[in-house]
Amino acid sequence: MTLFKIIRIIILLSVFVGLAFYAKNQKLKSRSWTEPLTVVIYRMNGDNNSRAVNEYINELDDSVFEPVERFLQKQSEKYQLIAKQPIQIRMGPVLTVLPPEAPLAEQGYAAIIWWGLKFRYWAFKNAVDSESNMRRIDVFVLYHETVKGRSLQHSVGLDKGLAAVVHAFASIDQDQQNNIVIAHEFLHTVGATDKYAADNSALFPVGYADPEQSPLYPQSKAEIMVGRIPLSETTMRMAESLDECVIGQQTAKEINWLPADE
Ligand SMILES: [Zn+2]
């Protein structure tokens, strides 16, 4: 091995260690809940400059996202966090350069890692904001026209990345459903995991809002990392707004609201 090669390996290793340390530190800070985290919502037109979508995103203001703030505040009350308000949402600018398209799960781990790097680079170039990013989470919302029966690409929240990409419908009727997705993806960025099975049904007990209710069905609320309310062993419905969602105990542990049992 030449000296040059050794030096190159040392440099690369230090970059990796540095990045890992930065990510860890960022995650610790974001989950200490000593001060509100700033959540910046960037709006984007996901439909090739559709005029209806443009109109919708230009008319949005911070008040649309208030239910997300209120939801986290209300759900956190019983956990005695230092921050009385876990998050503060602020609307960032409309972005015109769209993020790289996320790979499908079938494309394998390497594709996902590669996308993660491209995505971070894109976010670094486009999410221009003066505030320190140690307590900031960027949520990139791509709005699409509402077409009956149309389903959207999956939203993703990067664990440790403190960033999420949300696909949403550009319609006032959908605002409250969009807020459920935003809250769900935000929670992924601070460590929460999904709590539903491959067929979308809630996992028991972690995916139930009230796993101790008797009789168990119908449940009246959804666990936020499921988003669906179990009505019987085989039926469920989507929660309509965050008023119908709760942060369950397992999620509270994952996001460090409750000490994890070990
Ligand atoms: Zn999820």
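In short, a report on the structure. Quick caveat, the model's predicted, so the values are computed rather than measured.

**Structural notes on the coordination of the zinc ion**
For a metal with four tetrahedral donors the ideal donor-metal-donor angle is 109.5 degrees, while six octahedral donors give ideal angles of 90 or 180 degrees.
Piece 1. Protein coordination at the zinc ion: the donors are His184 (NE2), His188 (NE2) and Asp194 (OD), at 2.1 Å from the metal.
Piece 2. Taken in chain order, the donor set of the zinc ion reads H-x3-H-x5-D. Of the two residues, His184 sits in helix H5 (residues 175–189) while Asp194 sits in the loop between H5 and strand S6 (222–223), which places them 10 residues apart along the sequence.

**Here we look at the environment of Arg51**
Piece 1. Its location among the elements puts Arg51 in helix H2 (residues 51–59).
Piece 2. For the pair Arg51 and Leu158, spaced 107 residues apart in sequence, the C-alpha to C-alpha distance is 30 Å.

**Re the pattern of salt bridges**
Piece 1. Summed over all chains, the structure comprises three salt bridges.
Piece 2. A salt bridge links Arg136 to Asp138, with the shortest nitrogen-to-oxygen separation between them at 2.8 Å.
Piece 3. For Asp138, a relative accessible area of 9% gives the class buried.
Piece 4. Put simply, Lys195 and Glu254 hold a salt bridge, and the shortest N to O gap is 2.7 Å. Taken together, the positions of Lys195 in the loop between H5 and S6 and Glu254 in helix H6 (residues 249–254) put the pair 59 residues apart, joining distant regions of the chain.

**Things to note about the sheet that holds strand S2 (residues 87–95)**
Piece 1. Judged by pairing direction, the sheet is mixed, and its five strands sit side by side in the order S2-S1-S3-S5-S4 without closing on themselves. Each having just a single partner strand, S2 and strand S4 (156–158) make up the two edges of the open sheet. Direction aside, the axes of adjacent strands within the sheet are offset by 20° on average.
Piece 2. The sheet contact formed by strand S3 (residues 136–144) and strand S5 (residues 163–169) spans seven bridges and is parallel. From the neighbouring strand, Val141 faces S5, where its bridge partner is Val166.
Piece 3. Across the face of the sheet, helix H4 (residues 109–126) comes into contact with strand S1 (37–45), S2, S3, S4 and S5 while running at roughly 85° to S4.
Piece 4. Relative to the sheet, H5 contacts S1, S2, S3, S4 and S5, its axis offset from that of S5 by approximately 165°.

Conventions and cut-offs
Residues numbered from 1 in each chain as written. Predicted model: local features only at pLDDT ≥ 70, side-chain atom pairs only at ≥ 80, totals over all residues. Heavy atoms only, no water. Donors = N, O, S within 2.8 Å, 3.2 Å for Na, K, Ca; no water. Helix = DSSP H or I, 4+ residues; strand = E, 2+ residues; numbered from the N terminus. Salt bridge = Lys/Arg side-chain N within 4 Å of Asp/Glu carboxyl O. Buried < 20%, exposed > 50% of the residue type's maximum accessible area, 1.4 Å probe, protein only. Pairing = 2+ DSSP bridges. Axes fitted to C-alpha atoms, helices over the stretch in contact; angles between N-to-C directions. Contact = heavy atoms within 4.5 Å.

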